[in-house]
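Here is what each chain is made of, one letter per residue.
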There are 2 protein chains.
Amino acid sequence: MNIDERFMAEALKEAREAASEKEIPIGAVIVSRGRVIGRGHNMTERLNDPTAHAEMIALTAATSALGGKYLEDCCLYVTVEPCPMCAAALNWAHISRIVYAAPDPKRGYSLFSPSLLHPKTEVSICESMTEECGRLVSDFFKSVR
Amino acid sequence: MNIDERFMAEALKEAREAASEKEIPIGAVIVSRGRVIGRGHNMTERLNDPTAHAEMIALTAATSALGGKYLEDCCLYVTVEPCPMCAAALNWAHISRIVYAAPDPKRGYSLFSPSLLHPKTEVSICESMTEECGRLVSDFFKSVR
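1. Some points on the relation of the copies chain B and chain A
Item 1. Mapping chain B onto chain A calls for a rotation angle of 180° and an axial translation of 0.0 Å; the resulting RMSD is 0.0 Å. Considering both components of the superposition, the chain copies are consistent with a two-fold axis. The rotation axis passes nearest to the C-alpha of Met85(B) in chain B, at a distance of 2.1 Å.
Item 2. Mapped onto chain A, 100% of the interface residues of chain B again fall at the interface, so both copies present the same surface.

Here it is in structure tokens:
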């Protein structure tokens, strides 16, 4: 297991937590200098708040941990490609790197142009975990519909 | 003063509150059935949180007031054109209508395609207050730079 897979496994733990709470199972962690400084999973139902996505919760936790509003030198790991809201939030935070596992061809940020991300943000896909992270979401929707 | 101007004046009060706190002076209110159910102003500095925009704070307050995660039949009044993060958040909330006063040709949501807003969201510009709401922001940046 490489470093990206290790942190994506942490994000996946968060996603499973969401599943156990009947939330859309997406999870995220933010890492600075090899340490998780923020984590979150989708809580839109519990909080009655459509902005309570995994990434937003992790981002607010991470900026709070660092005591500043920027996440330069930080990497976000998220089980599913961020939506436009989260991508634009990560842009405001100047995050250095984003790693996601499952693409979201219907609602992902990469559908939009110009890019919603900061020009300096590097993006990687953790392909070894794409299937597992994507299946968690598709199984969830099969179970509720 | 028509109804839109009356509520935009409430958003402008919020923006002035932000100015007095040395925050970028943008304010927002969300109205349901003629009543303000959520209000907010930019608090990114005070909260050390790049997502603490006026619209996000007003949105979370409004969904909390209504006890549901949707803002159908609600109108957001905001002094400046929303950024992509806020537009996408308002999309998730299914807001019915957005009224803004000052366009933001550099960072506004309308620069992006496809549209970041929900297809059913109606957008109006409150032109009688464009100058006043825009000037508050440009004066702020002149004073800090």
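2. Let's talk about the environment of Asp104(B)
Item 1. Along the polypeptide, Asp104(B) turns up in the loop between strand S4 (97–102) and strand S5 (122–125).
Item 2. Between the alpha carbons of Asp104(B) and Arg35(B) there is a distance of 27 Å; along the sequence they are 69 residues apart.

3. Some points on the packing of aromatic side chains
The relative placement of two aromatic rings is captured by the distance of their centres and the angle of their planes.
All names here are of chain B.
Item 1. Applying the stated rule across the entire model yields four aromatic pairs over all chains.
Item 2. Summarising the aromatic geometry, the rings of Phe7 and Tyr77 are spaced 5.4 Å apart at their centres and angled 35° between planes, so their arrangement reads as tilted. In this pair, Phe7 sits in helix H1 (residues 3–20) while Tyr77 sits in strand S3 (residues 74–80), placing the two residues 70 residues apart along the sequence.
Item 3. For Phe7, a relative accessible area of 5% corresponds to the buried category.
Item 4. According to the relative accessible area criterion, Tyr77 is buried, its value standing at 3%.
Item 5. Taking 5.4 Å as the distance between ring centres and 80° as the angle between the ring planes, the aromatic pair formed by Phe140 and Phe141 counts as edge-to-face.
Item 6. Judged by relative accessible area, which is 25%, Phe141 ranks as partly exposed.

4. Digging into the side chain of Glu55(A)
Residues and elements named next belong to chain A.
Item 1. Within the element layout of this structure, Glu55 appears in helix H2 (residues 54–66).
Item 2. Among buried charged residues, Glu55 stands out as having no salt bridge; its nearest opposite-charge side chain is Arg107, 12 Å away.
Item 3. Not counting residues within four places of it along the chain, the set of residues in contact with Glu55 comprises Ala28, Leu76, Val78, Val80, Pro82, Cys83 and Cys86.

5. Some thoughts on the confidence of the model for chain A
Item 1. Here chain A averages 96 in pLDDT, while 100% of its residues score no lower than 70.
Item 2. Scoring of the predicted complex yields 0.96 for pTM and 0.95 for ipTM.

Parameters at a glance
Residues numbered from 1 in each chain as written. Chains lettered and ligands numbered in written order. Predicted model: local features only at pLDDT ≥ 70, side-chain atom pairs only at ≥ 80, totals over all residues. Heavy atoms only, no water. Least-squares fit on C-alpha atoms with pLDDT ≥ 70 in both. Contact = heavy atoms within 4.5 Å. Helix = DSSP H or I, 4+ residues; strand = E, 2+ residues; numbered from the N terminus. Phe/Tyr/Trp six-rings, centres within 6.5 Å; stacked < 30°, edge-to-face > 60°. Buried < 20%, exposed > 50% of the residue type's maximum accessible area, 1.4 Å probe, protein only. Lys, Arg positive; Asp, Glu negative; His and termini not counted. Salt bridge = Lys/Arg side-chain N within 4 Å of Asp/Glu carboxyl O. pLDDT = per-residue confidence, 0-100.

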